[in-house]
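Examining the three-dimensional arrangement
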Amino acid sequence: MNQIEPGVQYNYVYDEDEYMIQEEEWDRDLLLDPAWEKQQRKTFTAWCNSHLRKAGTQIENIEEDFRNGLKLMLLLEVISGERLPKPDRGKMRFHKIANVNKALDYIASKGVKLVSIGAEEIVDGNVKMTLGMIWTIILRFAIQDISVEETSAKEGLLLWCQRKTAPYRNVNIQNFHTSWKDGLGLCALIHRHRPDLIDYSKLNKDDPVGNINLAMEIAEKHLDIPKMLDAEDVVDTARPDERALMTYVSCYYHAFAGAQKLLEWIRRTIPWLENRAPEKTMQAMQKKLEDFRDYRRKHKPPKVQEKCQLEINFNTLQTKLRISNRPAFMPSEGKMVSDIAGAWQRLEQAEKGYEEWLLNEIRRLERVEHLAEKFRQKASTHETWAYGKEQILLQKDYESATLTEVRALLRKHEAFESDLAAHQDRVEQIAAIAQELNELDYHDAVNVNDRCQKICDQWDRLGTLTQKRREALERTEKLLETIDQLHLEFAKRAAPFNNWMEGAMEDLQDMFIVHSIEEIQSLITAHEQFKATLPEADGERQSIMAIQNEVEKVIQSYNIRISSSNPYSTVTMDELRNKWDKVKQLVPIRDQSLQEDWIQNKMEEIARSSIQITGALEDQMNQLKQYEHNIINYKNNIDKLEGDHQLIQEALIFLVTKRLSTVYFIYNVTVRTLPSLPSMSHYRILQKAGEWREKQRREVGVSPASLALGDSPARRPGGQGEAPEGPELTAPLSRQHIRVGWELLLTTIARTINEVETQILTRDAKGITQEQMNEFRASFNHFDRRKNGLMDHEDFRACLISMGYDLGEAEFARIMTLVDPNGQGTVTFQSFIDFMTRETADTDTAEQVIASFRILASDKPYILAEELRRELPPDQAQYCLGRMPAYKGPGAVPGALDYAAFSSALYGESDL
């Protein structure tokens, strides 16, 4: 039989040393001899077809039919018995190259070195490269596995030929070219194995063509070896092609060495079937089962057929020899039919039970893999759950937590303990599965044990940390409960005590008005009764402070990192101390305050009346004149104060200081009231007042704030320590100081009256209504940022823009020459009124303002607050927003403002 044994993985693995080393590299640049090329074409084509016909196909032209790679891949699958990657079915060049590369990659995977053979050349139909590729395949799959007496491949085949033809006359096989030219070598190989097919004694050495044709015809007819050469080509060529002859002769080896090949296959297969060493992984065992089933399905049936054919051939040969009265054929020792039968019986015994063992082992591995996967899942679930738990349990967040937070942490910890207990069962299952995997000899038991040990160790640590955290939380809760009780006690006692001190301070600082000595005496008696309660109050204060001290002691002793602030009370220790100190300071001050007389009360009455100077100019004028009259009538009191001051200087005491400070208080109230007056007197009075007060500070050593509040050393107990407000009065006031203050007040009032009269004349002369005058005053005051009765140039510009003036630099310069002709850099209220009255008389201002607003509003009949803020300076926008009414006309939206009504009202032009 001409059958090449497939290279199967189950029965034999080729070592690298067993691969045949090519005799020579394929030189792509050498030209192939035409005679050799012809011989190789025919031989290689016939050899390929001898295998392709098993797949129902063949080739006609060796360099053309392999170009798309499809039949090349099919040839390799037939001769190897293995499946190659799925070929590309496209017809493009890159599809063909891909298929040829798959074939070449497979050849290379069998340990064959492809020298200078590329897929592109096969696809392009390069004859030399195609023949070289087929020769490489023949070497690997038809010649390389030939082994005779420790020689293999080419040498083994040559030795086999020499041994088989040695007894025959005229045959001397030394190579694969000239030794075969007379045809006797081929005839001797046939006769040695099948003497019934040829009569060697009748052959003529001088008829090489006849001998070769006879051998090829018998081989094709009886041995299934196709005719691969032309006798004339072999005989007429001085040196026949070695590769063609070697390929053809190898077919004789495979045809006649069937018994040896079969025995070798049996010898290789039996150890494989007897190997019951289990694999470690399910995948490896599945591969063993697949190999065994391939053996039963693909590889054993051909061997069974081959065994039967060998027995048939042997029996037929013996029968023919006996009929011809010729000696019986005796194979060499170890290759008899009985040897094959014995080897086959041992094969059957080795095969028996192998599949059952495989299935049992697979079921065992399935169980092991199932347990291993179960272990991995449970371990992963537990590790995911346990991740970060140790860090959480090690936290000391309770050290800086409040009682409420600690109780919440305790509840959370109780929930964690429940969760921990629920996971106990899983940890036990993990340990049990790991134990079972060890008993089942799981291949990765080392890693399983290591992972299981880590889980168990961590579980023990979690239990220990859980208990420690519970103890720490419970201990902290008790400490915080103690602190909480102390805080609550503090709050219950501190709140009423704090309220008592606040009420006491209010009473001690309360202003009082007396009209007789009896009223003063009544107040003094009540004050003495209050002072009698101070020792008891001090005792309560100390008890409250002791509670807070206990809180701080607990916090420090147990290193609790929480604030000592009381959650139940807003009253602090510092606040209690400060208020108590304030009460102690106010008690002697109240003692002195009760000595105030009717002069102070009278002056305060005058001060109150001066603050109420508002309304029409005539009303303001009347109020100022009344105020002037009161100040003039107060001259006698000034004289009295000067007399008292003289007594103070002589007696070196400060009993009258309070009266003196009262005069300054009246002055201060008057000065603070005057900014509301619509005249230049505002700025002048402030200026004079500032000069006067600075002079008092330098000469007397007392601050204006102290004078305004009536502070003095006389209000402090014993005249010692700091006053409640302001610096200490360091020197007694002189009679001249008292007189200057009184005269300054009188002068200031006279000037203010004069300016109000001037405004009245301006108003009447220009026909300005009281409402317009008030509006002018409001506008002026709004843009008077320094509140000193003057607007600088930028303030004045902003004021004009808010009123609708479209100011260029030239126009603004013209206006400034009118309102500030002397270039002082400021605009007075009088100049402002003069300008506005002149402008309103000559210009349709309201129409200009409406047109300006319409531009800002993008032609809408209303404007929005954000548009005003975006388009105008902040002070201008604020001025308009404070006076502009809501728009209620067509298309009104929320927040719409009526700029037309605002402009008309501003200039009294209601028809616009």
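A few points on the structure. Only a predicted model underlies this, so the values are computations on that prediction, with no experimental measurement involved.

Over its 20 residues, helix α17 (residues 403–422) extends 29 Å from the first C-alpha to the last, a length consistent with the 28 Å expected when each residue adds 1.5 Å. Those residues of α17 that fall on the buried side of the exposure criterion are Leu 403, Val 406, Leu 409, Leu 410, His 413, Phe 416 and Leu 420. All buried residues of α17 lie within an arc of 125° about the axis, which places them on one face of the element. Exposed side of α17, more than 90 degrees from the buried face: Thr 404, Lys 412, Ser 418 and Ala 422 are the residues found there.

Below, the discussion takes up the nonpolar core. Soluble globular proteins tend to bury their nonpolar side chains together. Ile 137 and Tyr 252 are the most contacted members of the largest nonpolar core, which totals 81 residues. Leave out the neighbours within four places in its chain, and Ile 137 touches Trp 47, Leu 72, Leu 76, Ile 79, Ile 107 and Ala 142. Within the second largest apolar cluster, 38 residues are counted, among which are Ala 401, Leu 409, Met 505 and Ile 560.

A word on the packing of aromatic side chains. For the structure on display, the rule yields 26 aromatic pairs. Ring centres of Phe 796 and Phe 835 lie 6.0 Å apart, and the angle between their planes is 75°; on these two criteria the pair is classed as edge-to-face. Of this pair, Phe 796 sits in helix α31 (residues 793–802) while Phe 835 sits in helix α33 (residues 829–842); the two residues are 39 residues apart in sequence, bridging distant segments of the chain. Phe 835 matches Phe 796 in its accessibility class, with the two residues each being buried. Put simply, the rings of Phe 780, Phe 796, Phe 812, Phe 829, Phe 832 and Phe 835 pair up and form one aromatic cluster. Geometry around Trp 385 places Lys 389 over its ring, the cationic atom sitting 5.0 Å from the centre. The ring of Phe 812 has Arg 797 sitting right over it, with the charged end atom 4.1 Å from the ring centre.

Look at helix α18 (residues 424–439): 23 Å from first C-alpha to last across 16 residues, which is about the 22 Å you get at 1.5 Å a residue. Residues of α18 that are buried: Val 427, Ile 430, Ile 433, Ala 434 and Leu 437. Buried residues along α18 cover an arc of 125° about the axis, so they all sit on one side. Where α18 is buried, its residues contact α15 (354–386) and α19 (445–509).

Quick notes on the rules
- Residues numbered from 1 in each chain as written.
- Predicted model: local features only at pLDDT ≥ 70, side-chain atom pairs only at ≥ 80, totals over all residues.
- Heavy atoms only, no water.
- Helix = DSSP H or I, 4+ residues; strand = E, 2+ residues; numbered from the N terminus.
- Expected span 1.5 Å × (residues − 1).
- Buried < 20%, exposed > 50% of the residue type's maximum accessible area, 1.4 Å probe, protein only.
- Arc of directions from axis to C-beta.
- Core = buried A, V, L, I, M, F, W, Y, C linked by side-chain atoms within 4.5 Å.
- Contact = heavy atoms within 4.5 Å.
- Phe/Tyr/Trp six-rings, centres within 6.5 Å; stacked < 30°, edge-to-face > 60°.
- Lys NZ or Arg CZ within 6 Å of the ring centre and 35° of its normal.

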